[in-house]
Structure formats: structure tokens, C-alpha cells
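# Structural description and commentary
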Amino acid sequence: MTAALNWPGAVGPIAIAGLEPVFVDVELGTASLDPDLAIEAINPATGAVLITHLFGGNIRCPRLRQKGRANGSALLDDVCQSIGALQRIDNGRLLDSDALMLSGNGAKHLGAGELGFVVTDHSGLIDHVDRVSLTSSSRNGERVFSPDTLGFNYRPNVFSASLARSRLAGMDEQLSARRRNAAFLWPKLRECSGLVPLFDTTDGSHSFLNFPLRLDLEALDMPHGPAARDVIVEALRAEGVPVWVWLTKPVFDYLPAFRGKWSAAEFPNTVTLLDTMFYVSEIAPPNGLGLMQAYADAFRKVWAAMPELRADIRQRAAE
Ligand SMILES: *Cc1c(COP(=O)(O)O)cnc(C)c1O
């Protein structure tokens, strides 16, 4: 079981593992699994619940975790975009999870190249990772050979691993700079009516891989669909703000194994986010409050032009 708003790389392995996905809609306030829908959909056939933490948001979802445990389902957390979710974010405790997956690639907090991590207490899972990936490795000072490996070379190369290790030392500092930037930015953007953050920005434990926002089309009096977002993103870019549209389709439409078996209409919140969300990138250090102020000024300028943009948007929506 996993969310329809998701990263294809998080979901493709479900088919590789010979499992059938069950997609659930997301909550608008977290961009992750709607706990009520997920709890309702869990049943004895649910082998695993895959919780994806997008954009640096922490997804604690305690009721869903409890229900998963009671049901005997494995709890898996894709924290590739939320390195802070590996810390004690749940009232001083670690998330109740069987395995957390972290990416070290250049688009993520570690920015160390092609490597990833599995964090788990299950020794069987670590043995499995060895079996599918390594031919030999160095462990506890000894050379270990895995003669029956399947040889998928998932092992991070030594260069990436040493970069990751050195960058880990500054991770707390990086996270606090990202949080400081986000905490400065949002109160300034809040006056742009119809602009909504994707998760609670006052919660100081988020990792802010970027700063995700969405448009409330009703508050803006804009037509349904992606036209308003697309026009506003173009205008912000013209003002020099590094804003990006994430994916535009539910995750199953990106994956040949699942395409055609599910329809976007079953996931209204997912569609709302895909049509209305965008994010501000480059909120990591060394960028600081001066640049955040420039972003905020550009947002204000674009919002001041909303009457003119509205005409463009209506026309584009009608095409
Ligand atoms: C980046 C990412 C992945 C994949 O990580 P790689 O290191 O690129 O394989 C998986 N899930 C999510 C949510 C991601 O953002």
C-alpha cells in the first residue's frame, strides 16, 4: 500500500519484488498517505505499507503505523527527500518503521553521488541486500565474500561513500540553515492570498529539501486544472525565482507495470496537488535570508499582477 502521489523510483520496485500495489489518495496537508483512507484499506493481504516523505516533510502518521503493526504489515519509509526523518522526530522517539530508505544522490541532502542506504534492525534484510548486491565488501575490518550474490551492483562506490561521510558531519547545520530559510520565507509569502504551504512550516523538524507550495484555486477564483499554476510558475521564473513543477501525473501513470489499472479520478487530492503545486528550490546554504527576501519580493510582484495574469489563465484553461 502506498500513495498515488509518489516518486516512480519508490514504487517501481514493488513490481520487481513480485507484489501488487494498492494506491491510496493523499492528504492535502502532508502530501502523504491519507491515514483514514489507508487504515480503512489495510487488510490481511497488505504485506507492507510504504510511506513516502516528500519534499522534506516528516510523516509520522502514528495511527496508521499502529494499524499496520496490528495487521502484521511491514512498515517501510522512503525518506530519500527527508533525511531528518532518521532522527528522533516522534516525541523524542525514532519512527516506528521496519526499514527506512535514504538516497545520497545529488538532488538530495547528502548530495554525494549515486548511493543509497537502507536503515533497519532486521539482519535478514541486510543479508538480503548483501545477497543481491555485493561480491565482496569490507566489514568490521575484514574482507567478506558473498559467493552466491546476484551481483546487482547497488554498492555505493568508495568515492561517493567518502563524500557522503564527510558531508554528514555538517548535516545538522545544513538542516538548521534550510529550516531558518523556510521559517523566514513563509511569513513573507503568507500575504499572497491563495498560496498554501504543503506541510506545517512551524514544525521545526522538517528537512525542507525544497519549499513546496500549492495554490488554492477557489480562494484565487481561478479555473480548475493546471493553468493557474503553470502561468504563475512562468511569471515567478521570469522574476528569477527558482520554482519547479514536480510530477504532473499520479505515480502509476509513469510505470508500465501499473499503467492503465488505476485512474487518476479515484485520487482527487492527488490530482489537486499535481495540478496546483510547485516548489521553490535553492533554499539550502550557502543561500540565506537575503536571497529569501528576494524570492519573497518576487512573489509579491507576481501577486500584484494577478488581475492581468487571471485573464491569461482563463484563456489558457479554455484552450
Ligand atoms: C530520489 C528518490 C528516490 C531514489 O533515490 P536514488 O538514489 O536516485 O535511487 C526514491 N524515492 C524518492 C522519494 C526520491 O526522492
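For clarity, every value in this text was computed on a predicted model and none was experimentally measured. (Residues numbered from 1 in each chain as written. Predicted model: local features only at pLDDT ≥ 70, side-chain atom pairs only at ≥ 80, totals over all residues. Heavy atoms only, no water.)

It is worth spelling out the overall build of the protein chain at this point. Summing up its helical and strand segments, the protein chain has eleven helices and twelve strands in all. Over its C-alpha atoms the protein chain spans a radius of gyration of 21 Å, differing by no more than 12% from the 20 Å that the globule rule assigns to 319 residues. Judged by the C-alpha coordinates and their principal axes, the protein chain covers about 65 × 45 × 35 Å. Within the span of the protein chain, comprising 319 residues, buried residues form 47% of the whole. Excluding contacts between residues fewer than 6 apart, the proportion of contacts in the protein chain whose partners are at least 24 apart in sequence is 63%. Counting only carbon and sulfur atoms, one obtains 55% of the accessible surface of the protein chain, whose full area is about 15500 Å². Of the charged side chains in the protein chain, 30 are positive and 36 negative; the average position of the first set lies 4 Å away from that of the second. (Helix = DSSP H or I, 4+ residues; strand = E, 2+ residues; numbered from the N terminus. Rg over C-alpha atoms; globule rule 2.2 N^0.38 Å. Buried < 20%, exposed > 50% of the residue type's maximum accessible area, 1.4 Å probe, protein only. Contact = heavy atoms within 4.5 Å. Areas by Shrake-Rupley, 256 points an atom, 1.4 Å probe, with all protein chains shown as cover. Lys, Arg positive; Asp, Glu negative; His and termini not counted. Charge placed at Lys NZ, Arg CZ, Asp CG, Glu CD.)

Once that is clear, we can look at the packing of aromatic side chains. Counted according to the given criterion, the structure contains 13 aromatic pairs. For the ring pair tryptophan 262 and phenylalanine 267, a centre distance of 6.2 Å and an interplane angle of 45° mean the geometry is tilted. Note on phenylalanine 267: relative accessible area 3%, which makes it buried. In this structure, lysine 188 packs its charged tip against the face of phenylalanine 184, placed 4.2 Å from the ring centre. We note lysine 249 situated over the ring of tyrosine 254; from NZ or CZ to the ring centre the distance is 4.8 Å. (Phe/Tyr/Trp six-rings, centres within 6.5 Å; stacked < 30°, edge-to-face > 60°. Lys NZ or Arg CZ within 6 Å of the ring centre and 35° of its normal.)

Another aspect to go through is the environment of tryptophan 246. The topology assignment puts tryptophan 246 in the loop between strand E11 (243-244) and helix H9 (268-276). Separated by 213 residues in sequence, tryptophan 246 and leucine 33 place their C-alpha atoms 18 Å apart. For tryptophan 246, the residues in contact, after removing those within four places along its chain, are Leu5, Asn6, Trp7, Leu54, Phe55, Gln81, Met277 and Tyr279.

Further remarks concern the site of the ligand. As a matter of local geometry, the ligand sits amid Trp7, Ala10, Thr52, Asp78, Cys80, Gln81, Ser103, Asn105 and Lys108. Within the side chain of aspartate 78, an N or O atom sits 2.6 Å from a nitrogen atom of the ligand. Measuring from an oxygen atom of the ligand, one finds a side-chain N or O atom of asparagine 105 at 2.7 Å. Residues that form the shell around the ligand fall into these classes: three nonpolar, four polar and two charged. (Near = heavy atom within 4 Å. Polar contact = N/O pair within 3.5 Å; in protein donor to acceptor, adjacent residues only side chain to side chain. Nonpolar A, V, L, I, M, F, W, Y, C, P; charged D, E, K, R; others polar.)

Turning next to the packing of helix H10 (residues 289-304) against helix H11 (residues 306-318). Contact pair H10 / H11: the axes reach a minimum separation of 5 Å and the direction vectors enclose 65°. Judged by the angle between their axes, H10 and H11 are roughly perpendicular. Within the contact between the two elements, H10 uses Val302, Trp303 and Ala304 and H11 uses Met306, Pro307, Glu308 and Leu309. Looking at the contact of H10 with H11 residue by residue, the classes come out as six nonpolar, no polar and one charged. (Axes fitted to C-alpha atoms, helices over the stretch in contact; angles between N-to-C directions. Parallel < 35°, antiparallel > 145°, perpendicular 65-115°, else oblique.)

Turning next to the pairing of strand E4 (residues 74-78). Pairing of strand E3 (residues 48-52) with E4 involves five bridges; the strand directions are parallel. Each bridged residue has a counterpart across the sheet, and for threonine 52 the counterpart in E4 is aspartate 78. Following the backbone out of E3, through helix H3 (residues 62-71) and into the adjacent parallel E4, one traces a crossover that is right-handed. Both E4 and strand E5 (residues 99-103) contribute to a ladder of three bridges, which runs parallel. Considered in E5, the bridge of aspartate 77 is made with leucine 100. (Pairing = 2+ DSSP bridges. Right-handed = clockwise from strand over helix to strand, strands pointing away.)

A few words now on the nonpolar core. In terms of nonpolar packing, the biggest core is built from 60 residues, with Leu195, Phe211, Phe299 and Trp303 touching the most fellow members. Looking at this core, you find at least three residues from each of domain 1 (2-168) and domain 2 (171-318). Not counting the four nearest positions on each side in its chain, phenylalanine 299 is found in contact with Leu189, Cys192, Leu195, Leu213, Leu236, Val241, Val243, Phe278 and Val280. One finds Ala85, Ile89, Leu95 and Ala112 within the second-largest nonpolar core, a separate group that totals 13 residues. (Core = buried A, V, L, I, M, F, W, Y, C linked by side-chain atoms within 4.5 Å. Domains from an automatic or database assignment.)

Here we take up the packing of helix H6 (residues 171-189) against H10. Packed helices, taken two at a time, are described by the angle between their axes plus the distance between the axes. Running from N to C, H6 and H10 cross one another at 25°; their axes reach a closest spacing of 9 Å. The orientation of H6 with respect to H10, classified from their angle, is roughly parallel. Every pair of crossing elements has a handedness; the one defined by H6 and H10 is right-handed. Taking contact as the criterion, the partners of Arg180, Asn181, Phe184, Leu185, Lys188 and Leu189 in H6 are, on H10, Leu289, Met292, Gln293, Tyr295, Ala296, Phe299 and Arg300. A per-class count over the contact of H6 with H10 returns eight nonpolar, two polar and three charged. (Left-handed = near helix turned anticlockwise from the far one by under 90°.)

One frequently used descriptor of interface size is the decrease in accessible area upon assembly of the parts. Considered domain by domain, the protein chain is made up of domain 1 (2-168) and domain 2 (171-318). At the interface, 41 residues of domain 1 touch 36 residues of domain 2. Looking at the side of domain 1 facing domain 2, the largest losses of area belong to Leu28, Phe55 and His109, adding up to 25% of the total buried there. Linking domain 1 to domain 2 there are one salt bridge. For the pair domain 1 and domain 2, the interface holds 16 residue pairs in polar contact (both at pLDDT 80 or more). At five residues, helix H1 (residues 8-16) tops the list of elements feeding residues into the side of domain 1 that touches domain 2. Across the side of domain 1 that touches domain 2, the residue classes break down as 23 nonpolar, twelve polar and six charged. (Buried area = accessible area lost by both parts, 1.4 Å probe. Salt bridge = Lys/Arg side-chain N within 4 Å of Asp/Glu carboxyl O.)

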